[in-house]
Amino acid sequence: MENIIKQICKTYNLTYRELGESLGYGEEAISKAARTDKISTPMAKACEMFLHIKELESKVSTLDELSIILQKLTLKA
């Protein structure tokens, strides 16, 4: 299983610095955890929450798109 930090950075095209800023960690802490596969429990939890937030943002975006489509359909009716 791929390191969660590497997975997030790859999936969301983030640098370690950018991910660290999002999680409240410094670039060096993120880089070291990614290199050594030694991710602290709080950092792992922060990564899980980051992924959950991204998932929720995607769902909100989908719902926004659906809302626009429904508004257009309602106006045509």
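Peer 1: Is there a simple way to explain the pattern of salt bridges in this structure?
Peer 2: Note on pairing: side chains with opposite charge can pair once their charged atoms come close. Summed over all chains, the structure comprises four salt bridges. In this structure, the salt-bridge partner of Arg35 is Glu28, at a minimum N-O distance of 3.7 Å. Of the two residues examined, Arg35 and Glu28, each falls in the exposed class. With its nearest N and O atoms 3.3 Å apart, the salt bridge here joins Glu55 to Lys59. Residue Glu55 and its partner Lys59 are both found in helix H4 (residues 41-76); the two are separated by four residues, about one turn of the helix. For Glu55, a relative accessible area of 40% translates into the label partly exposed.

What counts as what
Residues numbered from 1 in each chain as written. Predicted model: local features only at pLDDT ≥ 70, side-chain atom pairs only at ≥ 80, totals over all residues. Heavy atoms only, no water. Salt bridge = Lys/Arg side-chain N within 4 Å of Asp/Glu carboxyl O. Buried < 20%, exposed > 50% of the residue type's maximum accessible area, 1.4 Å probe, protein only. Helix = DSSP H or I, 4+ residues; strand = E, 2+ residues; numbered from the N terminus.

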